[in-house]
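Structure at a glance
As a plain string of letters, each chain reads:
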Amino acid sequence: MSRLHLSAESVPALARHARLRFDRNRERWVLLVPERVMTPDEICVEILQACDGRATVGGLTATLEQKYRAEPGVIAREVLALLQDLADRGYLIDREAA
């Protein structure tokens, strides 16, 4: 299986075996993946919630750059790095590549 390379045109979505859920016991969002429970920070949760299989990475980063009034490209690099790491672990897919 080849490595998934995400780009601004990619349309990320959680893989079938990954679930983002609010854990009432922990009172925080968790990412449930096989044999693991990950506790993403607030910004990561916001990014993962935007990975709905409809928005492109470019669209989602543009929205975040506008919301947080960041310099163009700064958030894009960070978001792409985060999403690529999750894709490398098998937790994200690219709807465009499917």
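Owing to the predicted nature of the structure, the values given are computational and were not obtained by experimental measurement. (Residues numbered from 1 in each chain as written. Predicted model: local features only at pLDDT ≥ 70, side-chain atom pairs only at ≥ 80, totals over all residues. Heavy atoms only, no water.)

1. Quick notes on the overall build of the chain
Cut-off, in case you're wondering: Every helix listed is a DSSP run of H or I at least four residues long, and every strand listed is a run of E at least two residues long, numbered separately from the N terminus. Computation of the radius of gyration draws on C-alpha atoms, with the globule rule given as 2.2 Å multiplied by the number of residues to the power 0.38. We call a residue buried when its accessible area falls under 20% of the maximum for its residue type, exposed when it is over 50%, and partly exposed in between, using a 1.4 Å probe and counting protein chains only. It only takes one pair of heavy atoms within 4.5 Å for two residues to be counted as in contact. Here the open area of atoms and residues is found with the Shrake-Rupley method and a 1.4 Å probe, where only the protein chains shown may cover a residue. When charges are counted, neither His nor the chain ends are considered; positive counts come from Lys and Arg and negative counts from Asp and Glu. Positions of charges follow a simple convention, taking NZ of Lys, CZ of Arg, CG of Asp or CD of Glu.
Helices and strands together make up the secondary structure of the chain, namely three helices and five strands. Counting from the amino terminus, the chain carries its helices and strands in the arrangement β-β-β-β-α-α-α-β. Relative to its length of 98 residues, the chain is compact, with a C-alpha radius of gyration of 13 Å against a globular reference of 13 Å. Along the first, second and third principal axes, the C-alpha set of the chain runs to 35 × 35 × 20 Å. Looking at the chain as a whole, 35% of its 98 residues are labelled buried. Residue pairs in contact within the chain that sit at least 24 positions apart in sequence constitute 56% of those at least 6 positions apart. Carbon and sulfur atoms make up 48% of the accessible area of the chain, which amounts to about 6,600 Å² in all. The centroid of the 14 positive side-chain charges in the chain is displaced by 6 Å from the centroid of its 15 negative side-chain charges.

2. As for the packing of helix H1 (residues 42-50) against helix H2 (residues 57-68)
The following threshold applies: Axis geometry follows a simple rule: fit a line to the C-alpha atoms, using only the stretch in contact for helices, then measure angles between N-to-C directions, giving values from 0 to 180 degrees. Any angle from 65 to 115 degrees is called roughly perpendicular, while one under 35 is roughly parallel, one over 145 is roughly antiparallel, and all others are oblique. Handedness of a crossing is defined here by the sense of rotation of the near helix relative to the far one, left-handed for an anticlockwise turn of less than a right angle and right-handed for a clockwise turn.
The interhelical angle for the contact between H1 and H2, taken along N-to-C directions, is 140°, at an axis separation of 10 Å. The angle between the axes of H1 and H2 places the two elements in the oblique class. Judged by the twist between their axes, the crossing of H1 over H2 is right-handed. Listed contacts from H2 to Glu-46, Ile-47 and Ala-50 of H1 are Leu-60, Leu-64, Lys-67 and Tyr-68.

3. Some remarks on the environment of Arg-36
The topology assignment puts Arg-36 in strand E4 (residues 36-38). For Arg-36, the residues in contact, after removing those within four places along its chain, are Leu-31, Arg-89 and Tyr-91.

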